[in-house]
Amino acid sequence: MFGYRVPAPDEAMLISGGKHGMKGSPFRVVIGHGAFVAPITRKVRYLTLSMQEAEVAETCVTKQGISLNVRSVIAFKVGNDEESIVNAGQRFLSDQDQMSVLTGRIFAGHLRSIIGSMTVEEIVTERQKLASEVLDGSKAEMAKIGLIVDSLQIQSIDDMGAGYIAAMAAPNNAAIQRQAKIAQAQADQAAVEAQQASVRKQAEFARETSVVQAQYKAEVDKAQAEAAQAGPLAQASATRAVIAAQAELATQQAQLRQQQLISEVVRPAEAEAERVTILAKADAERTRINAEAAASNNRVALDQMLINQLPLIVKEAAAGLAGANVSVLNGADGLSEIAAGLVSQGLTILESVRKGMPAQGAPAADNGRVRGQVVPDTTAGSGGSAVAPRG
């Protein structure tokens, strides 16, 4: 809009030419908003409200008469209230750079005054106290010209080569250096002890590691040896078991073969031998009887009759087995033994009859027949039976 003005956020707009100023000031202050300004009857000026700084480098004499070069920085600005803006506008509106110059001069004077009442030790060790006293001393004077100080920083204090500050710091430096050396020695000793402890720990750890590795290696070697021996041991055990089984089988086969040989060869051979022996005996007996009968004319007929009756006697003895309870053991061997027993008993009966008969009489026979019974042969080891004469 034509004639409407708005100040910047860090500026104060001063409108002159009217009667709206405060307490008869020649201008009206507008901050933070705009205002209509008549283009002919009013005039507008702007006063900065931003932060500004002033540097002070002043040579001051202390309470002890020692000259010090003190450098400081002051941060200041125009106050935000209307009174401060009016005061600053009346003094610096035409040349606002003069605010830094005037502020530096004001603080230089107060700085010389405060330092003159303090010793070097106080100034060096209590810089904040120095800054506070300078601020307090200049606050009223700065307010008169519409300025406020935000901060004062003492940047450096120099005795200009007098050596006082260095001498003052010497005892502390010596003490600090001594403490630093002691601390360094203690640190070195601690480092050496720590290094030695670390070496010992490493040696112990290496020893424990070697022991553990040796134990592990021994266990691994043992396990590998056992594993390597497990196969041959198992094979040997299996071989022994096979050999034992084969030996047992061979023993059983030998026993079985022995039984088979006894049953198939020995027993039949024994029976055949017995049969041959019995037949030989019978033949010899018949020959003897024939010889005796031939030698004795008186007994020829009797002997001939007995000889002729021998088969009948044996037959009668065998007939007695038909009703007897006979157990035949050993198969063919038992039957051979029974047959041999019958022949033997027949001969015995014949001999008994011949001896008991009178020389001229007839044989004592029941209708020309001899009765007999079958009894178990307790003398036969093979479990066979024998035929005995029945009384």
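Residues numbered from 1 in each chain as written. Predicted model: local features only at pLDDT ≥ 70, side-chain atom pairs only at ≥ 80, totals over all residues. Heavy atoms only, no water.

K.L.:
Is there a simple way to explain the nonpolar core in this structure?
P.N.:
The nonpolar side chains of a soluble globular protein tend to be buried, and buried together. Leu68, Val78, Ile85, Leu111, Leu130 and Leu147 are the most contacted members of the largest nonpolar core, which totals 40 residues. Per element, the largest residue contribution to this core is seven residues, and it comes from helix H2 (residues 98–115). Core analysis: the next-biggest nonpolar cluster, separate from the first, contains six residues, Met13, Ile15, Val37 and Val44 among them. (Core = buried A, V, L, I, M, F, W, Y, C linked by side-chain atoms within 4.5 Å. Buried < 20%, exposed > 50% of the residue type's maximum accessible area, 1.4 Å probe, protein only. Helix = DSSP H or I, 4+ residues; strand = E, 2+ residues; numbered from the N terminus.)

K.L.:
Quick question: what am I supposed to make of the confidence of the model for the protein here?
P.N.:
Detailed reading of the predicted coordinates is not advisable wherever pLDDT falls low. Across the protein, the average pLDDT comes to 77, with 74% of residues at or above 70. Contacts of residues 358–391 to residues separated by more than four positions or lying in other chains number 64 contacts, the stretch itself having pLDDT below 50. (pLDDT = per-residue confidence, 0-100. Contact = heavy atoms within 4.5 Å.)

K.L.:
How should I be thinking about the side chain of histidine 110 in this particular structure?
P.N.:
Summarising the element assignment, histidine 110 is placed in helix H2. Separated by 3.5 Å, the side chain of histidine 110 and the backbone oxygen of glycine 137 make a polar contact. Leave out the neighbours within four places in its chain, and histidine 110 touches Val134, Gly137, Ser138 and Glu141. (Polar contact = N/O pair within 3.5 Å; in protein donor to acceptor, adjacent residues only side chain to side chain.)

K.L.:
Please explain the sheet that holds strand E6 (residues 52–61) as it appears in this structure.
P.N.:
Sheet strands line up and pair through hydrogen bonds in the backbone, either parallel or antiparallel. Spatial ordering of the open sheet is given by E6-E7-E8, a layout of three strands whose pairing is antiparallel. Since the sheet does not close on itself, it has two edges, and those belong to E6 and strand E8 (147–158), each with one partner. Averaged over neighbouring strand pairs, the angle between their axes works out to 20 degrees when direction is ignored. Note that strand E7 (residues 67–78) and E8 share 10 bridges and pair antiparallel. The residue of E8 that forms the bridge with phenylalanine 76 is valine 149. The strands touched by H2 are E6, E7 and E8; relative to E6, the strand with the most contacts, the crossing angle is about 30 degrees. (Pairing = 2+ DSSP bridges. Axes fitted to C-alpha atoms, helices over the stretch in contact; angles between N-to-C directions.)

K.L.:
What exactly am I supposed to notice about a nonpolar patch on the surface here?
P.N.:
The grouping of Tyr4, Val6 and Phe36 at the surface amounts to a nonpolar patch, some 320 Å² of accessible area in total. Note on tyrosine 4: relative accessible area 42%, which makes it partly exposed. (Patch = residues over 30% accessible without salt bridge, like charges linked within 9 Å, V, L, I, M, F, W, Y side chains within 5 Å. Areas by Shrake-Rupley, 256 points an atom, 1.4 Å probe, with all protein chains shown as cover. Salt bridge = Lys/Arg side-chain N within 4 Å of Asp/Glu carboxyl O.)

K.L.:
Could you clarify how one ought to interpret the pairing of E7 in this entry?
P.N.:
Across the 12 residues that make up E7, a large majority, nine, are buried. Where E6 lies against E7, 10 bridges are found, and the strand directions are antiparallel. Residue pairing for E7: alanine 54 is matched across the bridge by isoleucine 74. Linking E6 to E7, which pair antiparallel, is a turn of five residues; within it glycine 65 sits at a positive phi near 85 degrees.

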